[in-house]
Amino acid sequence: MNILQLFHTAKIQDITEINTNISLQMYKAIELWEKMMRGDAPWNEKAPSCGVLEQIAGRLSMLVSREIGLEVENQAIAEVMNHINKNVDKIVDYIVLLGSCLIRPIFSNGKLQYEIIPLGNYLPISYDFDGTLTGTLILKEIITGSKKWLLTEEHTFIGTTHYVKCRLYRNDGSLKETSLTDCPKTAELTSEYVWNAIKQPMIIEFRNHAINKIDGSNIPVAIIAGAEELIRSADEQFERMNWEQKGGELRVWADRDMFMKRQKRDGETIGVKMTPELNRLVVQIEGDGSTDGKRIVEHAPQLRTTEQNEMLQQIFRRIELTCNIGKGTISDMESVQQTATQYSGGRQELYAIVDKIEDEIEVKYQQCAD
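Bear in mind the structure is a predicted one, so any value in this text is a computation, not a measurement. (Residues numbered from 1 in each chain as written. Predicted model: local features only at pLDDT ≥ 70, side-chain atom pairs only at ≥ 80, totals over all residues. Heavy atoms only, no water.)

Burial runs high along helix H5 (residues 88-97): seven of the ten residues are buried. Listing the buried residues of H5 in full gives Val 88, Ile 91, Val 92, Tyr 94, Ile 95, Val 96 and Leu 97. (Buried < 20%, exposed > 50% of the residue type's maximum accessible area, 1.4 Å probe, protein only. Helix = DSSP H or I, 4+ residues; strand = E, 2+ residues; numbered from the N terminus.)

Over its twelve residues, helix H4 (residues 75-86) runs 17 Å from end to end, which matches the ideal 16 Å to within 8%, given 1.5 Å per residue. Of all the residues in H4, the buried ones are Ile 77, Ala 78, Val 80, Met 81, Ile 84 and Asn 85. Backbone nitrogen of Ala 76 and a side-chain oxygen of the N-cap are separated by 2.9 Å at the start of H4; the cap is Asn 74. (Expected span 1.5 Å × (residues − 1). Polar contact = N/O pair within 3.5 Å; in protein donor to acceptor, adjacent residues only side chain to side chain.)

A few words now on the packing of aromatic side chains. With the rule as written, the count across this model stands at two aromatic pairs. Centre to centre, the rings of Tyr 193 and Trp 195 are 5.6 Å apart; their planes meet at 90°, and the pair counts as edge-to-face. With a relative accessible area of 29%, Tyr 193 lands in the partly exposed category. Measuring from ring centre to ring centre gives 6.3 Å for Phe 206 and Tyr 365, while their planes differ by 70°; the resulting arrangement is edge-to-face. Here Phe 206, found in strand S9 (residues 204-207), pairs with Tyr 365, found in helix H9 (residues 340-369); they are 159 residues apart in sequence, far enough to count as distant. For the residue pair Phe 206 and Tyr 365, the accessibility class agrees, reading buried in each case. (Phe/Tyr/Trp six-rings, centres within 6.5 Å; stacked < 30°, edge-to-face > 60°.)

This next bit is on the pairing of strand S6 (residues 161-171). When strand S5 (residues 147-158) meets S6, the two strands line up antiparallel, connected through ten bridges. Within S6, the residue paired with Leu 151 across the bridge is Leu 168. Adjacent in sequence and paired antiparallel, S5 and S6 are bridged by two residues, among which Gly 159 carries a positive phi angle near 65°. Across four bridges, S6 lies against strand S8 (residues 192-195) in antiparallel orientation. If you follow Lys 165 over to S8, its bridge partner there is Glu 192. In this sheet, strand S7 (residues 175-178) lies alongside S6 in antiparallel orientation, the contact comprising four bridges. Paired with Leu 168 across the two strands is Thr 178, which belongs to S7. Hairpin connection between S6 and S7: a loop of three residues separates the two successive antiparallel strands, and Gly 173 in this loop has a positive phi of roughly 95°. (Pairing = 2+ DSSP bridges.)

So, on to the packing of helix H3 (residues 52-67) against H5. Orientation of H3 relative to H5, taken along the N-to-C sense of each, is 135°, at an axis distance of 9 Å. Comparing their axes, H5 and H3 come out oblique. The two elements H3 and H5 cross, and the hand of that crossing is right-handed. On H5, the residues touching Leu 53, Ile 56, Ala 57, Leu 60, Ser 61, Val 64 and Ser 65 of H3 are Val 88, Asp 89, Val 92, Asp 93, Val 96 and Leu 97. (Axes fitted to C-alpha atoms, helices over the stretch in contact; angles between N-to-C directions. Parallel < 35°, antiparallel > 145°, perpendicular 65-115°, else oblique. Left-handed = near helix turned anticlockwise from the far one by under 90°. Contact = heavy atoms within 4.5 Å.)

On to the side chain of Arg 317. With respect to the helices and strands, the residue Arg 317 is situated in helix H8 (residues 305-323). For Arg 317, a relative accessible area of 17% corresponds to the buried category. A polar contact of 2.9 Å, which involves the side chain of Arg 317, links it to the side chain of Glu 310.

Taken as a whole, this structure holds 13 salt bridges when the rule is applied. Salt-bridge contacts for Asp 40 lead to Arg 38; the nearest nitrogen and oxygen are separated by 3.7 Å. Of the residues examined, Arg 38 reaches a relative accessible area of 40% and is grouped as partly exposed. Asp 182 is the partner of Arg 170 in a salt bridge, and the nearest nitrogen-oxygen pair spans 3.1 Å. Taken together, the positions of Arg 170 in strand S6 and Asp 182 in the loop between S7 and S8 put the pair twelve residues apart, joining distant regions of the chain. Judged by relative accessible area, which is 24%, Arg 170 ranks as partly exposed. For Asp 182, a relative accessible area of 27% puts it in the partly exposed group. Here the salt bridges do not stand alone but share partners, grouping Arg 104, Glu 115, Lys 140 and Glu 153 into one network. (Salt bridge = Lys/Arg side-chain N within 4 Å of Asp/Glu carboxyl O.)

What follows is the structure in C-alpha cells.
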C-alpha cells in the first residue's frame, strides 16, 4: 500500500519528530512513482495503464536474472543469500520503478531471514560521502481487524555502531504514539537496541545511481524519472484507441416503427424478438434522417488503426529516449526501419543499464553477506 498517504494531513516530522530531509518535490515524486507502479496514477481512472512500466521492468529484470549468478561459501548464510538471489527480479523492479529498495537482516522463527523494503516504505535520512545509506526511517502499517497502527524504525549508523529506535502510533483517523505492547504484533519488540563493532550499516540500499535531477539530493530516483508525462500520454493514447475500436463496431440503424408490436386478425399481438446479439447490433431511431427515408441503414465507420498505433509508437520511442533504455525495448521494432548500426546502438543503451544494475547488485550482495 502507499504508506505515504498516511501523512497527507500531517508532516512526518511533526508526528515522529524525525527530520528525513526529503524535499517536497522528492516526496511527491516518490508518491507518484508508487501510484504508477500500482496502476493507480491520477490519470489511471480514466485511462488505465497500458503496461509500459511492466514492460520496462520486466525486460530489465529478465536480462538481469539471466546473467546474475551467486556462489556462497559460508553455509551459515547460504540459504538466505540464495533466497535473495531468487527474488532479484523484485529488487530490479524497485530500482526501475521507484529508484531503490532496502534489504535488512531479520532473525525470526529461529532462522536468519531478510526483508525487502521499497523506497516510500523507507525514507532516507542521511548518506555517507560515498553514497552509503547511513540513516533511514522505516514505516510499516499494521492492521489487526478494525485496528490500525503505524510502526516506525529509525536506523542510524555512526562510526562502528548501528542504532535502532522503534515507535508505535495508533491510527484512529489521526496518528498518536502509544506503547509497543498496544499491538499484539509489536508487543515483543525491543524499543531501542544497537549493533556494536560493525564495519557497515545493517541496512543495504540497492539503488539506481542516476543523477537526481529532482532536487539534487542523494536520494535515488527511478529509471522512469522524467518520463512520467510521456507514460501518461501512452496510457491516454491507448485508451483513445480502445474507445475508437469500441465506437467502430458495426451498427444497423433501423426505424423504431419496424419494432412496434402488431395485432394479427385473430387478436394475437406480435413483435420482433430482440436477442442479445440483435440488441448489440441494432440501434432504433425515429427514421434515419435521410431524404429518401430509408428505414434500415448499415453503419460501419472506418477505423484509424494505423494512424492511432503510429502515434502510440512515437510516444513509446520518446519514453525509450527519455529513460535511455534503447529503441525497441517497449516500441515495435518493425514499425520503423533501422540500420544495423541503429539497432545495435539501441541494444547497447539497454545493456548499459543492465550492466549498471548488475554492478550494483554485485556490490550490495557482498554487503548483504557481510
